[in-house]
Amino acid sequence: MKETTVLVVEDEAIVAHDLQQTLEYLGYEVLTIVASGEEAIQEAAQLQPDLALMDIVLQTDMDGIETAAQIRQRFDIPVIFVTAFADDEVLERAKITEPFGYIVKPFDEKELHVNIQMALYKHEMEKKLKESEESFRTLAENANDGILIGMDKEGAHAFANQRAAEIMGYSVAELLETSIKDLVHPEHVDKMQQRYRQRLEGKTLPKQYETLIVRKDGQSVPIELTASKTVWQGQPANIVIFRDITQRVQAEQERDSLIAELGAKNTELENFTRTVSHDLKSPLVTIQGFLNLLMQNVADGNTEQAESSAAYIFEAVEKMRQLLDELLKLSRIGHVVNPPEQVSMDDLAREAVDTLMGQIEERGARVAIGPTLQDNKALVYGDRVRLREVWENLLGNAVKYMGAQPDPRVELGLRRDGDETVFYVRDNGIGIDPRFHDKIFGLFDKLDPTTEGVGVGLAIVKRIIEVHGGRVWAESEGEGQGSVFCFTMNIEGKA
Ligand code: ADP
């Protein structure tokens with residue numbers, strides 16, 4: 001093993017000689033003996049000894065204490081003071097240079113040996129500590145996660161890296177003035193402080209969890225953190241490594257709502273398919289039945305019956321065509337969207353009345369546009385073509401389901417329900433039993449199968465209104481009491 005090398009700084013030749021002998025006897029290698037501070041610094045620089053033994057009182061400009069300070073600072077060489085002086089003032093001054101040992105003359109071999117060994121050990125430990133602190137800092141500074149070290153029960157921060165400062169919106173220096181309560185969201189702070197304390201007491205806690213912090217600008221940020229107990233500058237501390245998970249949380253929320261939306265769409269689609277296949281099958285069954293009959297009629301030569309069977313077939317084919325047309329219409333809503341614009345519901349209601357004038361006159365109905373709809377033109381923001389379809393469907397139904405009413409009347413209007421604007425079409429026709437108020441909006445749902453139409457109109461109305469963020473419903477006291485069909489709208493950019 002390499003011998004420990006020593007630089008001796010002593011201006012009394014006899015003492016120096018004595019010291020050299022003792023050191024060599026103890027197995028150390030004395031590199032050189034110098035008598036002044038200046039020489040000591042020169043030799044230290046050149047020889048790089050493992051240790052310096054330094055007399056405090058030197059007969060030159062620089063005394064031992066100053067020399068020791070320089071040797072320590074410039075070359076990181078541990079220094080042990082060897083002196084006859086031990087008064088308080090000298091000791092105080094010597095302390096500032098953080099000496100590795102202090103031996104008062106006269107001393108014995110053993111004392112010298114123990115002092116040297118302790119100084120070397122202490123120096124080695126200090127070096128290791130410095131190195132490990134250095135590597136921690138390099139690691140922390142380059143880390144892509146925020147790192148904070150919190151001391152004591154309050155979690156006052158003793159260390160913060162650059163990334164922590166970025167996430168929190170403070171500077172590193174500002175972070176060192178904060179503690180947990182300044183950073184963690186008020187709703188989470190008690191829990192976090194409790195965990196801090198428990199961890200310092202040595203309790204085992206979940207290492208990783210999510211919480212919310214509040215940035216300097218007041219913005220809340222979700223973070224994921226890993227915390228563990230550590231020792232920082234000799235004190236127990238909590239080290240917290242964390243990352244901003246805003247994007248992940250947002251992505252999770254979006255994913256959840258997409259899954260929910262998809263689930264709802266799937267259910268809707270399943271119901272739709274069931275209804276469609278059921279309703280499309282019935283004209284097919286009719287066609288098949290009458291085709292068999294037609295073959296029979298042809299075989300029998302019964303032309304009259306054959307014509308009647310063919311007529312049924314035509315009727316079923318026509319019904320099927322109508323069903324498919326309506327289905328196609330329904331499936332387009334929400335896909336083929338006309339760009340939303342500001343439209344006047346008053347205008348749309350009037351256009352609907354014009355379009356349906358033939359049916360209205362045929363039934364002898366009186367149709368009125370309510371004063372509220374006229375007065376403020378009722379401006380909304382939406383798909384003009386689709387919204388006119390809504391009025392046409394509701395008005396068409398109102399005229400169609402008049403029953404035997406001798407004085408058929410219909411009103412298209414607007415009313416205020418609290419904060420909500422409700423558009424309506426009121427008639428004094430056959431009315432609807434309250435049990436069926438929801439059912440009639442379903443696909444192919446008709447209350448009286450003998451009436452014309454395939455039962456798609458209200459399903460279309462419902463789709464259009466929902467695409468516009470609104471609701472639609474029917475109000476009626478019951479059969480013979482007339483009906484009111486109401487809807488709301490809620491679309492962004494509402495005029
Ligand atoms: P369709 O009119 O083609 O049957 P809709 O979906 O428009 O289909 O209407 C569904 C059912 O709701 C109708 O068959 C009818 O029974 C009932 N209904 C719709 N509007 C009215 C109304 N104004 N008064 C009474 N019943 C109505």
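Residues numbered from 1 in each chain as written. Predicted model: local features only at pLDDT ≥ 70, side-chain atom pairs only at ≥ 80, totals over all residues. Heavy atoms only, no water.

Colleague: What is the right way to read the packing of aromatic side chains from this model?
Modeller: Each pair of aromatic rings is reported with the distance of its centres and the angle of its planes. One pass over the full model with this rule turns up 9 aromatic pairs. Centroid distance Trp-391 to Phe-487: 5.4 Å. Interplanar angle 70 degrees. Geometry classified as edge-to-face. A residue pair is termed long-range when its members are at least 10 positions apart, and Trp-391 in helix α15 (residues 384–400) and Phe-487 in strand β17 (residues 483–487) qualify at 96 residues. In this pair, the class of Trp-391 matches that of Phe-487, namely buried. An aromatic cluster of at least three residues, connected via ring pairs, comprises Phe-136, Phe-159 and Trp-232. Sitting above the plane of the Phe-100 ring, Lys-122 keeps its charged end 5.2 Å from the centroid. (Phe/Tyr/Trp six-rings, centres within 6.5 Å; stacked < 30°, edge-to-face > 60°. Helix = DSSP H or I, 4+ residues; strand = E, 2+ residues; numbered from the N terminus. Buried < 20%, exposed > 50% of the residue type's maximum accessible area, 1.4 Å probe, protein only. Lys NZ or Arg CZ within 6 Å of the ring centre and 35° of its normal.)

Colleague: Sorry, what's going on with the nonpolar core here?
Modeller: Across soluble globular proteins, nonpolar side chains show a tendency to be buried alongside one another. Core analysis: the biggest nonpolar cluster contains 51 residues, and Met-345, Leu-373, Trp-391, Leu-395, Leu-412, Phe-423 and Phe-487 have the highest contact counts within it. It is α15 that contributes the most residues to this core, 7 residues altogether. Those residues in contact with Leu-395 that lie beyond four places of it in its chain are Ala-352, Val-353, Leu-356, Ile-360, Val-367, Val-410, Leu-412 and Val-425. Judged by nonpolar contacts, the second largest core, of 22 residues, contains Ala-164, Ile-167, Val-189 and Tyr-196. (Core = buried A, V, L, I, M, F, W, Y, C linked by side-chain atoms within 4.5 Å. Contact = heavy atoms within 4.5 Å.)

Colleague: I would appreciate a short explanation of the site of the ligand in the present structure.
Modeller: Around the ligand lies a shell of 20 residues, among which Asn-397, Tyr-401, Asp-427, Gly-455 and Leu-458 are the nearest. Residue Asn-397 places a side-chain N or O atom 2.9 Å away from an oxygen atom belonging to the ligand. Note that a nitrogen atom of the ligand is positioned 2.9 Å from one of the side-chain N or O atoms of Asp-427. Compared with its free state, where it exposes 530 Å², the ligand has 97% of that area covered by protein. Under a 2 Å grid-point criterion requiring more than half of the atoms, the pocket assigned to the ligand is the largest pocket. Mapped onto the shell around the ligand, the elements with two or more residues apiece are α15, α16 (457–467) and β17. For the shell around the ligand, the element with the highest residue contribution is α15, accounting for 3 residues. Here the residues of the shell around the ligand sort into 10 nonpolar, 6 polar and 4 charged. (Near = heavy atom within 4 Å. Polar contact = N/O pair within 3.5 Å; in protein donor to acceptor, adjacent residues only side chain to side chain. Areas by Shrake-Rupley, 256 points an atom, 1.4 Å probe, with all protein chains shown as cover. 1 Å grid on protein atoms, 1.4 Å probe; cavity = no way out; pocket = protein on both sides within 12 Å on 5 of 7 lines; lining within 4 Å. Sits in = over half its atoms within 2 Å of the grid points. Nonpolar A, V, L, I, M, F, W, Y, C, P; charged D, E, K, R; others polar.)

Colleague: For this particular structure, what's the right way to read the sheet that holds β17?
Modeller: Strand pairing in a sheet is mediated by backbone hydrogen bonds. Such pairs are either parallel or antiparallel. Overall, mixed pairing links the 5 strands, which are arranged β12-β14-β15-β17-β16 in an open sheet. Looking at which strands have only one partner, the edges of the open sheet turn out to be β12 (366–369) and β16 (472–475). Strand-to-strand twist across the sheet, computed as the mean angle between neighbouring axes with direction ignored, equals 20 degrees. Judged from the 4 bridges that link them, β12 and strand β14 (residues 409–417) form a sheet pairing that is parallel. Residue pairing in the sheet places Val-367 in a bridge with Val-410 of β14. Where helix α12 (residues 345–355) meets the sheet, it contacts β12, β14, β15 (420–427) and β17, and its direction lies at approximately 165 degrees from that of β12. (Pairing = 2+ DSSP bridges. Axes fitted to C-alpha atoms, helices over the stretch in contact; angles between N-to-C directions.)

Colleague: Can you help me understand the pairing of strand β7 (residues 156–160) in this one?
Modeller: Pairing between strand β6 (residues 146–151) and β7: 4 bridges, direction antiparallel. If you follow Met-151 over to β7, its bridge partner there is Ala-156.

Colleague: Would you mind showing me how to read helix α9 (residues 186–200) here?
Modeller: For an α-helix the count is 3.6 residues per turn, leaving residues at separations of three or four pointing the same way. The terminal C-alpha atoms of α9, which comprises 15 residues, lie 22 Å apart, in line with the 21 Å expected from a rise of 1.5 Å per residue. Within the span of α9, buried status applies to Val-189, Met-192, Gln-193, Arg-195, Tyr-196, Gln-198, Arg-199 and Leu-200. On its buried face, α9 sits against β6, α8 (180–183), β8 (208–214), β9 (220–232) and β10 (235–244). Within two residues after α9, Gly-202 carries a phi angle of roughly 95 degrees, on the positive side. (Expected span 1.5 Å × (residues − 1).)

Colleague: I tried to follow the pattern of salt bridges on my own but got confused; where do I start?
Modeller: Two side chains with opposite charge may pair up if their charged atoms get near one another. Per the counting criterion, the structure on display carries 27 salt bridges. One salt bridge connects Arg-255 with Asp-256, and the closest N-O pair in it is separated by 3.5 Å. Taking the relative accessible area as the measure of exposure, Asp-256 reaches 43% and is therefore partly exposed. Arg-409 is the partner of Asp-407 in a salt bridge, and the nearest nitrogen-oxygen pair spans 2.9 Å. For Asp-407, a relative accessible area of 30% corresponds to the partly exposed category. (Salt bridge = Lys/Arg side-chain N within 4 Å of Asp/Glu carboxyl O.)

Colleague: Teacher, can you tell me more about unusual backbone geometry here?
Modeller: A negative phi holds for most residues other than glycine; trans holds for most peptide bonds. Cis geometry is adopted by the peptide bond preceding Pro-106, which originates at Lys-105 and carries an omega value of -5 degrees. In this model, Gln-233 sits at a positive phi of 45 degrees, which is unusual for a non-glycine residue. Topologically, Gln-233 is positioned in the loop between β9 and β10. Its relative accessible area of 57% is what places Gln-233 among the exposed residues.

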